[in-house]
Amino acid sequence: MSTTIDTTAFDRLREGFSGTLIEPDDPGYDEARTLFNVMIDRRPAVIARCAGVDDVIAAIGFARETGLPSAVRSGGHSVAGTSMCDRGIGIDVRPLKQIEIDPERRVARIGAGCTWGEFDRAAQVHGLATTGGRVSTTGVAGLTLGGGSGWLERKHGLACDNLLAVELVTADGRTVRASDDKHPELLWALRGGGGNFGVVTALEFRLHPLGPEVTAGLALYPAAEGAALLARWGDAMRSAPAEVGLAFAYLTAPEEPSLPAELHGQTVAAIAGLYAGPPDE
């Protein structure tokens, strides 16, 4: 434990903490602090891997008592690295993996530690989905709190547009449920306003029928054709039906046998996405 941390406060945190407290000398510390953007190299004094809401309350209380900075980590996809901090406490909610799908009401309750891949797989069983991340390992909570752009947004709005309720722990350690009926102003702020209103522990979403099949794919072109391709893509999207969700990007082509060898390792222009309507159309 770093000498800059109040050991008495840390002992109190340890008492009754049902998750795992990871210190710099512990096995697994580097894995626990590593983020999706590996250019970010932050070293917290302790990582609190929370097994439940009570652990989140305890971690926030520790940060408040000691004055240490804190950061909340789920998927860890924040490009700016805000999912981890230096010399503070990393509040890791990844163990909060509960998923409840109500197919009759078309509502999902998702733990803050879930990724979009996990959410999508659970909802897909019932032929349901909502707008989610384009990368399956992105955290549900962070993407939604930031707005949440995804393949279904033209038909169903952003992830935050489908957010029905949020359960969180505030800076003073209170548990709050924000919905249209309770704390509606807080829910309004959480729908795309960022993650600075508390530590989210669960979210509820509106679901939509999808499938049982969608048409999806990735088309690659030489980078030199990118400007003309982007113009054509823009023209097409202006009149495309709402079921069409496409993105334009520049990528490094992988060395896959299905791709021409001359593109391997090269920067290419790409159009990716899906059509969420009947495949015959």
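One structure accompanies this document, and this report is about it. (Residues numbered from 1 in each chain as written. Predicted model: local features only at pLDDT ≥ 70, side-chain atom pairs only at ≥ 80, totals over all residues. Heavy atoms only, no water.)

### So, the packing of aromatic side chains
This structure, assessed with the given rule, holds six aromatic pairs. Relative to Phe205, the ring of Phe119 lies with its centre 5.4 Å away and its plane at 45 degrees, an arrangement referred to as tilted. With a gap of 86 residues between them, Phe119 in helix 4 (residues 116-124) and Phe205 in strand 10 (residues 199-206) connect regions that are remote in the sequence. Accessibility expressed as a relative area gives 0% for Phe205, which makes it buried. On the basis of an interplanar angle of 40 degrees and a centroid distance of 6.2 Å, the ring pair of Trp233 and Phe248 is categorised as tilted. Of this pair, Trp233 sits in helix 8 (residues 226-239) while Phe248 sits in strand 13 (residues 244-252); the two residues are 15 residues apart in sequence, bridging distant segments of the chain. Overall, Trp233 belongs to the partly exposed group, its relative accessible area being 23%. (Phe/Tyr/Trp six-rings, centres within 6.5 Å; stacked < 30°, edge-to-face > 60°. Helix = DSSP H or I, 4+ residues; strand = E, 2+ residues; numbered from the N terminus. Buried < 20%, exposed > 50% of the residue type's maximum accessible area, 1.4 Å probe, protein only.)

### Remarks on the state of the cysteines
The tally for this structure, following the rule as stated, stands at zero disulfides. Free of any disulfide, Cys114 has its nearest neighbouring cysteine sulfur in Cys50, separated by 15 Å. Residue Cys114 is classed as buried on the basis of its relative accessible area, which comes to 0%. (Disulfide = S-S within 2.5 Å.)

### Let's talk about unusual backbone geometry
Cis peptide bonds are those with omega within 30 degrees of zero, and the linkage from Gly211 to Pro212 qualifies with 15 degrees. One non-glycine residue, Arg106, adopts positive backbone phi at about 55 degrees. Take Arg106: it is sitting in the loop between strand 5 (99-102) and strand 6 (107-111). Classification of Arg106 by relative accessible area gives partly exposed; the value is 39%. Even without a glycine there, the phi angle at His183 is positive, about 55 degrees. Mapped onto the fold, His183 is located in the loop between strand 9 (175-179) and helix 7 (184-190).

### Structural notes on the sheet that holds strand 14 (residues 267-275)
With antiparallel pairing, the three strands of this open sheet are ordered in space as 12-14-13. In this open sheet, the two strands that pair with only one neighbour each are strand 12 (215-222) and strand 13. Neighbour to neighbour, the strand axes of the sheet diverge by 20 degrees on average, direction disregarded. Relative to strand 14, strand 13 is paired through nine bridges, and the arrangement is antiparallel. Looking across to strand 14, one finds that Ala247 is bridged to Ala272. The strands that helix 8 touches are strand 12, strand 13 and strand 14; relative to strand 13, the one it contacts most, it runs at about 170 degrees. (Pairing = 2+ DSSP bridges. Axes fitted to C-alpha atoms, helices over the stretch in contact; angles between N-to-C directions. Contact = heavy atoms within 4.5 Å.)

### Here's the deal with the sheet that holds strand 1 (residues 20-22)
The mixed open sheet is built from four strands, whose spatial order is 1-2-4-3. The strands lining the two open edges of the sheet, one partner per strand, are strand 1 and strand 3 (70-73). Between one strand axis and the next, the sheet turns through 20 degrees on average, direction left out of account. Judged from the three bridges that link them, strand 1 and strand 2 (residues 46-49) form a sheet pairing that is antiparallel. In the sheet register, Thr20 faces strand 2, and the bridge partner there is Arg49. Packing of helix 3 (residues 53-66) onto the sheet brings it into contact with strand 2, strand 3 and strand 4 (89-92), and relative to strand 4 it is tilted by some 165 degrees.

Limitation: the analysis is restricted to geometry and does not speak to function.
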